[in-house]
Amino acid sequence: MFSLNVPAPGRVKRLAAEFHPRLASFERVRERHSLVCKRFESEEYDRLSERARRALDGTTPIEARVTTIELFEEPVRGPGPVVYLAVASPGLVAIHERLVDAFGAITGLEGDEYVPHVTLARGGSVDRAEALRARTVDSIEWTISELSFYDATHDERAGTLSLPVSY
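Here is a short report on the structure shown in this document. This is a predicted model, so every value here is computed, not measured.

On to the overall build of the chain. If you tally the helices and strands in the chain, you get four helices and nine strands. In the chain, the succession of α and β elements from N to C terminus is β-α-β-β-α-β-β-α-β-α-β-β-β. The C-alpha atoms of the chain give a radius of gyration of 16 Å, which matches the 15 Å a tight globule of 167 residues would have. Seen through its principal axes, the chain has C-alpha atoms that stretch 45 × 30 × 30 Å. In the chain, which comprises 167 residues, the proportion classed as buried is 42%. In the chain, of all internal contacts separated by at least 6 residues, the share reaching a separation of at least 24 is 79%. In the structure as shown, the chain presents an accessible area of about 8,700 Å², 45% of it carried by carbon and sulfur atoms.

If you want it as structure tokens, here you go:
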């Protein structure tokens, strides 16, 4: 399985690291931080990357902003709650929608249900997650100029897609 991700900039990684001690009571703490743009089920990488490039032809760099800490109390997959940094980015949502049009949506996770975010931790107390959500975070803004394909089978980056995309 592959996904197309937004690499988290250093400022977002540092913010996530600041919360690391407060996440110790969760079952899984995310050590690597990125933002999923689109998941792909069972597609050969060369074909997938070519189709994605065609779908995103003409896409230019977009803006994104970390706004708050939020949670999915009962996530579609895996243990909850999921604590995450919420990301506001109309441009990223537009990219996601173009990819959903080209590849289809994964039920419950994509399409209208898509929520741009950077996961911090999952599987713990809802009360602890709510306490984290009550914390304020400084807004972090950045420009997304590259997306990366991630190969979950081999746990590695498979390639990149630079914005602007020209096919």
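Moving on, there is more to tell.
Our next topic: helix H3 (residues 90-103). Its 14 residues give H3 an end-to-end C-alpha distance of 20 Å, which sits within 8% of 20 Å, the value for a rise of 1.5 Å per residue. Every buried residue of H3 is accounted for by Leu92, Ile95, His96, Leu99 and Val100. All buried residues of H3 project into a common sector of 140° when viewed along the axis, lining one side. For H3, the exposed residues lying more than 90 degrees away from the buried face are Pro90 and Asp101. Looking at the buried residues of H3, the elements they touch are strand S1 (2-7), strand S3 (34-40), helix H2 (45-55), strand S4 (62-72) and strand S8 (146-151). After H3 finishes, the residue Gly104 shows a positive phi value of roughly 90°.

Attention now goes to the nonpolar core. Ranked by internal contacts, the top residues of the largest apolar core, which has 44 residues, are Val66, Trp142 and Leu147. Tallying contributions element by element places S4 first for this core, with five residues. Ignoring any residue separated from it by four or fewer positions in sequence, one finds Trp142 in contact with Val6, Pro7, Pro9, Arg11, Val12, Ile62, Glu63, Ala64, Arg65, Val66 and Val87.

What the four strands build is an open sheet, ordered S3-S1-S8-S9; its pairing is antiparallel. Both outer strands of the open sheet, S3 and strand S9 (156-162), are each paired with one neighbouring strand and no more. The sheet shows a mean angle of 30° between the axes of neighbouring strands, taken without regard to direction. Both S8 and S9 contribute to a ladder of six bridges, which runs antiparallel. What sits directly across from Glu146, in S9, is Ser162. Docked against the sheet, H2 engages S1, S3, S8 and S9, running at close to 25° with respect to S9. Each of S1, S3 and S8 touches H3; the most contacted strand, S3, lies at about 15° to it.

Moving on to the packing of H2 against H3. In the contact formed by H2 and H3, the axes pass within 9 Å of each other and the chain directions differ by 125°. As summarised for this structure, H2 and H3 are arranged oblique, according to the angle between their axes. By crossing handedness, the relation of H2 to H3 is classed as right-handed. Across from Leu48, Arg51, Ala52 and Ala55 in H2, the residues of H3 making contact are Arg98, Leu99, Ala102 and Phe103. Looking at the contact of H2 with H3 residue by residue, the classes come out as six nonpolar, no polar and two charged.

Sheet analysis places S1 next to S8, joined by four bridges and oriented antiparallel. Within the sheet, the bridge partner assigned to Leu4 lies in S8 and is Phe149. Joining the antiparallel neighbours S8 and S9 is a turn of four residues, in which Asp155 adopts a positive phi near 50°.

What counts, and where the lines are drawn
Residues numbered from 1 in each chain as written. Predicted model: local features only at pLDDT ≥ 70, side-chain atom pairs only at ≥ 80, totals over all residues. Heavy atoms only, no water. Helix = DSSP H or I, 4+ residues; strand = E, 2+ residues; numbered from the N terminus. Rg over C-alpha atoms; globule rule 2.2 N^0.38 Å. Buried < 20%, exposed > 50% of the residue type's maximum accessible area, 1.4 Å probe, protein only. Contact = heavy atoms within 4.5 Å. Areas by Shrake-Rupley, 256 points an atom, 1.4 Å probe, with all protein chains shown as cover. Expected span 1.5 Å × (residues − 1). Arc of directions from axis to C-beta. Core = buried A, V, L, I, M, F, W, Y, C linked by side-chain atoms within 4.5 Å. Pairing = 2+ DSSP bridges. Axes fitted to C-alpha atoms, helices over the stretch in contact; angles between N-to-C directions. Parallel < 35°, antiparallel > 145°, perpendicular 65-115°, else oblique. Left-handed = near helix turned anticlockwise from the far one by under 90°. Nonpolar A, V, L, I, M, F, W, Y, C, P; charged D, E, K, R; others polar.

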